[in-house]
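The primary structure of each chain is shown beneath.
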Amino acid sequence: MQDAQRSVYGIIGYPLAHSLSPLMHNVAFKELGVDAVYQLFPLKEEELDGFFEKLRERSNPIFGLNVTTPYKERAVRYLDNVSPLVERIMAVNTIVITRERRLIGYNTDAPGFLSHLVELQFNTRGKKIAMLGAGGAARAILGVLCMISERPVSIKIYNRSTGRLNELLKDLATRMDTSIVEPVMSIDDLEIPEADLLLNTTSVGLRKDDPCLIDEALIHPSLLVYDLIYNPAETDLLKMAKRRGARTANGLGMLYYQGVLGLQHWANVQLDERVKNVMRRALEEGLRL
Ligand code: NDP
């Protein structure tokens, strides 16, 4: 983290109104005693080239970025260097900008998701996973689930746009073993009654009037239903899962872990428990507001 002038960190994406990341990172900077601020950079597609060009300027105070919907895949092309994980999944959510204005990309969504599963005491080894969605978040999660040693036995995946799902699988298959993944043409083919984990990586549920994609009768008590959405804290899918006696989790834990890992990349230090607790509390309180 830089000290000569007030450093700026932030998140790029569109739209950004729902982001809780500023809360989490600004309290962490305060706790660390660092003169830095985390801001929102809502960027339209046509502004992306110019924004990344400006990041190269020596006078630019931005030293770290998060990347969110819809730019996690597209941002990779602007970077000078990427971590081995990004090289394989080709989705970036954390960028470090060095003093020399070099851009280094990481993916902390994937390990953030895995850390949250550990916290939930859900071991993926040998498990059957039913997954919805094929966007940027799905790319990171699907990729890492194919790469870890605690390999699930199967991942059935459905996406509204079949073409996007097929493209994703074709692309991941060039860099990893995706033999456990089976794309399905209908939600009914996800075989939820046999699954251990139902994972929603779509944005369906973000809005109050969104439909619930899953038939309530399919949810069973030995299922963990994980919705990446954290705002609202309880989507209709999670409400329904609770009614059916299933375990539930929203994406706040994943957001927290990816944020901790991201800040560790920017600051180049391991955060202590005190700072981590402050970050988590800020997220939980932010969600209650
Ligand atoms: P993308 O825009 O890349 O992907 C959106 C996905 O949602 C696609 O699979 C899309 O399907 C699907 N979708 C959107 N609308 C509908 C609909 N009406 N019916 C069916 N499917 C639909 O977004 P991301 O992958 O980046 O993010 C997805 C969600 O995950 C968001 O809600 C985001 O907030 C959350 N997220 C949470 C994180 C956390 O830390 N907790 C981290 C990252 C994301 P199609 O391809 O057909 O358009």
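About the thresholds
- Residues take numbers from 1 onward in each chain, read along the sequence in its written order.
- Per-residue local features are limited, in this predicted model, to residues with pLDDT of at least 70; the limit for side-chain atom pairs, both in listing and counting, is 80 or more; totals at the level of whole chains, interfaces and linings are taken over all residues.
- Processing note: side-chain calculations cover all non-hydrogen atoms of the structure and skip hydrogens and water entirely.
- The criterion for a residue being near a molecule or strand is simple. One of its heavy atoms has to lie within 4 Å of it.
- Any pair of N or O atoms that falls within 3.5 Å is considered a polar contact. Within protein, one atom must be able to donate a hydrogen and the other to accept it, and sequence-neighbouring residues count only if both atoms are side-chain atoms.
- All accessible areas in this document rest on Shrake-Rupley with a 1.4 Å probe, and a residue is counted as covered only by the protein chains that are shown.
- The way it works is that DSSP assigns letters per residue, a run of H or I at least four long becomes a helix, a run of E at least two long becomes a strand, and they are numbered from the N terminus.
- All amino acids are sorted into three groups, where Ala, Val, Leu, Ile, Met, Phe, Trp, Tyr, Cys and Pro are nonpolar, Asp, Glu, Lys and Arg are charged, and the leftover types, Gly among them, are polar.
- Throughout this description, buried means an accessible area under 20% of the type-specific maximum (1.4 Å probe, protein chains only), exposed means over 50%, and partly exposed covers the range between.
- As used throughout, domain bounds are those supplied by an automatic or database domain assignment.
- Whether two residues touch is decided by their heavy atoms; if any such pair falls within 4.5 Å, the residues are in contact.
- The term buried area refers to how much accessible surface (probe radius 1.4 Å) is lost by two components on association, counted for both of them together.
- Every case where a carboxyl oxygen of Asp or Glu lies within 4 Å of a side-chain nitrogen of Lys or Arg is listed as a salt bridge.

Examining the site of the ligand
T69, A137, N159, R160 and S161 are the nearest of the 23 residues found near the ligand. Take A134: an N or O atom from its main chain is 2.9 Å from an oxygen atom of the ligand. Protein coverage of the free-state accessible area of the ligand, which is 920 Å², stands at 85%. For the shell around the ligand, the elements supplying multiple residues, two or more each, are α5 (136–147) and α8 (252–267). Split by residue class, the shell around the ligand holds nine nonpolar, 10 polar and four charged.

Notes on the environment of R175
Within the secondary structure, R175 is located in the loop between α6 (162–173) and β9 (181–183). Classification of R175 by relative accessible area gives partly exposed; the value is 24%. For R175, the side chain forms a polar contact with the main-chain oxygen of E87, separated by 3.3 Å. Engagement of the side chain of R175 in a polar contact is seen with the side chain of T174, the distance being 3.5 Å.

So, the domain arrangement of the chain
Under the domain assignment used here, the chain contains domain 1 (7–107 + 253–288) and domain 2 (110–250). Each partner contributes to the interface: domain 1 provides 20 residues, whereas domain 2 provides 24 residues. Where domain 1 abuts domain 2, roughly 1,900 Å² becomes buried across the two surfaces, and 63% of that area is made up of carbon and sulfur atoms. Considering only the surface of domain 1 that becomes buried against domain 2, R88, I89 and M254 emerge as the three largest contributors, covering 33% of it. At the boundary of domain 1 with domain 2, the tally comes to two salt bridges.

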